[in-house]
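Structural features, examined
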Amino acid sequence: MSTSRTIDGEILGKEVVADRLDDNRLYSGVRTRRIFAFLIDYMIVALLLIPAGVIVLLLGLLTFGLGWTLFAILFPIVAILYVWTTLGSRRQATLGMRAMSIRLERLDGRPVDGMLAVGHSVFFWAANAVLTPLILLVSLFTDRKRTLHDLLLGTVVIRDDR
């Protein structure tokens, strides 16, 4: 079966899709993939903390202990840099998201930049601090399986392998 373009959208089999983000196949299994991507990313950030911790340790030795105050904010700094450079890249996905074949898209079609990527992550952690993992329940009742921070920022996570 060949795929052809129409004025209203793209014909996919017998289904006409007006917008490529309206294709339900893009959201199949996204919630589970997001959870596993988060766990992978958390492990990667934990591994990145090791060399960052060594740098802060050496900095503390050079500054007679003053540099060791950076240990208090080391995790957020490493996580923000990680999100900025991966989710804010042209691939619009962290390494965990790439491993799970998902990516972040904006509803307006523009590319995800570093500031939006960091904002997305900060809103996730803020909502998680207040609502615990219950923020995933929002995705059970929203279109496109969007979570609370997706709704706030006008983003959606889709499968990259479809």
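Scope of this entry: the structure provided in the associated data block.

Definitions and cut-offs
All chains use their own residue numbering, which begins from 1 and follows the written sequence. For a predicted model such as this one, the threshold for reporting local features is a pLDDT of at least 70, and the threshold for listing and counting side-chain atom pairs is 80 or more; totals across whole chains, interfaces and linings nevertheless cover every residue. Side-chain measures were taken over the full set of non-hydrogen atoms in the model, leaving aside hydrogen atoms and water. Each residue is assigned to one of three classes by its accessible area relative to the maximum for its type, calculated with a 1.4 Å probe on protein chains only: buried under 20%, partly exposed between the two thresholds, exposed over 50%. Secondary structure is summarised from DSSP: a helix means a run of H or I of at least four residues, a strand means a run of E of at least two, and numbering begins at the N terminus for each. Pairing between strands is defined by DSSP: at least two bridges between the two strands are required. Contacts between residues were defined by any pair of non-hydrogen atoms, one from each residue, lying within 4.5 Å. Expected span of a helix, by definition, is 1.5 Å for each gap between consecutive residues, and there is one gap fewer than residues. All axes are obtained by fitting lines to C-alpha atoms, using only the stretch in contact for helices, and the reported angles, taken between N-to-C directions, cover 0 to 180 degrees. Just so you know how the angles are binned, under 35 degrees is roughly parallel, over 145 roughly antiparallel, 65 to 115 roughly perpendicular, and the rest oblique. Here is the rule for handedness: rotate from the far helix to the near one, and if that takes an anticlockwise turn smaller than a right angle the crossing is left-handed, while a clockwise turn gives right-handed. Classification convention: Asp, Glu, Lys, Arg as charged; Ala, Val, Leu, Ile, Met, Phe, Trp, Tyr, Cys, Pro as nonpolar; all other residues, Gly among them, as polar.

Another aspect to go through is the pairing of strand β4 (residues 155-159). Here β4 lies mainly inside the structure; five of its five residues are buried. Inspection of the sheet shows strand β3 (residues 102-106) paired to β4 by five bridges, in the antiparallel sense. Residue Glu-105 lies in a different strand from β4, and its bridge partner there is Val-156.

Here we come to the side chain of Thr-86. Considering the arrangement of structural elements, one finds Thr-86 in helix α2 (residues 74-86). For Thr-86, a relative accessible area of 8% translates into the label buried. In this structure Thr-86 touches Gln-92, Ala-93, Thr-94, Leu-95 and Arg-98, once residues within four positions along its chain are discounted.

This brings us to the environment of Val-122. With respect to the helices and strands, the residue Val-122 is situated in helix α4 (residues 114-131). Taking the C-alpha atoms as reference points, Val-122 and Pro-76, 46 residues apart in sequence, are found 9.6 Å from one another.

What follows concerns α4. Between its first and last C-alpha, α4 extends 25 Å over 18 residues, near the 26 Å set by a 1.5 Å rise per residue. Buried residues of α4: Gly-114, Leu-116, Ala-117, Val-118, Gly-119, His-120, Ser-121, Phe-124, Ala-127 and Asn-128, and no others. Buried-residue contacts for α4 involve α1 (30-62), α2, β3, α6 (148-153) and β4.

α4 packs onto α2 with a crossing angle of 135 degrees between their chain directions and a minimal axis gap of 8 Å. Classed by the angle they form, the pair α2 and α4 counts as oblique. As for the relative orientation of α2 and α4, their crossing is right-handed in sense. In this structure, α2 contributes Ile-80, Val-83 and Trp-84 to the contact, and α4 contributes Gly-114, Met-115, Ala-117, Val-118 and Ser-121. Broken down by class, the residue content of the contact of α2 with α4 amounts to six nonpolar, two polar and no charged.

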